[in-house]
Amino acid sequence: MLKDITIGQYYPGDSLVHRLDPRFKILITLIYITMLFMGDHIYSMAFGIVFFFLTFFCSGIAAKVLLKSMKPIIPILLITAVLDLLFIRDGDVYWALGFLQITQEGVKTAIQMIIRISFLIVGTSMLTYTTSPIALTDAIERLLSPLKKLKFPVHAFSMMMTIALRFIPTLIEETDKIISAQKARGADMESGNLIQRAKALIPILVPLFVSAFRRAEELATAMECRCYRGDVGRTKMKQLYLSGKDWAAMSIALCFLAAAIATKIIFG
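Structural notes, computed from the coordinates. Since the model is a prediction, treat every value here as computed from it, not as a measurement.

### Let's talk about unusual backbone geometry
Point 1. Backbone geometry places lysine 151, a non-glycine residue, at a positive phi of 65°.
Point 2. By relative accessible area, which is 75% here, lysine 151 ends up exposed.

Structure below.
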């Protein structure tokens, strides 16, 4: 299951989405999220879904990568669907047992939440799949640059966010190695009650935290050896420039957003 988590991974490529400006990719991702959660009607989400597939076909990312990223959130989807089915009481009653009921509105809400969460995960993952950590750092810093007037540490914040995102796959890989090593030593992590399973996690969490702090120290040492001093006097090897394809992509995203807003006004 841990190997299926692909959050934070970058897949190099030369597709149209890879070549877009990372600042616009972040803004387009926010527009995409807005489309998914706009309105309660399925027609409102349809524009976000169509926009995702349009982006997917232009990204060059394999479908199996997206399907792999969905596996870890299946329990979350199931729990969300069950809660919506059993605790939303509006509409016609399809099934009832004591205080438990499955209603028309519950089924509708459960289906919509599964669709929204699924496309939210795969859609936002496209940002990290097609954008390198360095480009993502520069984009976040440029977008938040107006906050520098308020003495907000924009560069430190963007660097921290990118490093945290980048270390997710590394820590997941490290966790998988620790679990395999503990099982090879005879550790039983899958049997027993909830308390016993929680205690079985201690031999995993302790070396994981030790490894994380060691990697953080090694990263800090490497940055100091390269004379890293934050954004003071810092230059960039690759400058960010907006081109015609960036404006075209943003225009398409805004058109989809406008259509979603119009759908929300019409259908509610």
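### Digging into the nonpolar core
Point 1. Judged by nonpolar contacts, the single largest core of 29 residues is most densely connected at Tyr32, Met35, Phe51, Phe52, Leu66 and Phe119.
Point 2. The set of elements that each furnish at least two residues to this core consists of helix 2 (22-36), helix 3 (42-59), helix 4 (63-70), helix 6 (104-129) and helix 11 (244-267).
Point 3. Residue contacts for leucine 66: discarding those within four places in its chain leaves Phe52, Phe56, Val122, Met126 and Tyr129.
Point 4. Ranked by size, the runner-up nonpolar core spans five residues in total, among them Ile26, Leu136, Ala139 and Ile140.

### Overview of helix 8 (residues 154-184)
Point 1. Spanning 31 residues, helix 8 covers 45 Å between terminal C-alpha atoms, matching the ideal 45 Å at 1.5 Å per step.
Point 2. Among all positions of helix 8, only Val154, His155, Ser158, Met159, Thr162, Pro169, Thr170, Ile172, Glu174, Thr175, Ile178 and Gln182 are buried.
Point 3. Elements that come into contact with the buried residues of helix 8 comprise helix 7 (133-143) and helix 10 (202-225).
Point 4. Downstream of helix 8 by one or two residues, glycine 186 has phi in the positive range, about 95°.

How each quantity is defined
Residues numbered from 1 in each chain as written. Predicted model: local features only at pLDDT ≥ 70, side-chain atom pairs only at ≥ 80, totals over all residues. Heavy atoms only, no water. Buried < 20%, exposed > 50% of the residue type's maximum accessible area, 1.4 Å probe, protein only. Core = buried A, V, L, I, M, F, W, Y, C linked by side-chain atoms within 4.5 Å. Helix = DSSP H or I, 4+ residues; strand = E, 2+ residues; numbered from the N terminus. Contact = heavy atoms within 4.5 Å. Expected span 1.5 Å × (residues − 1).

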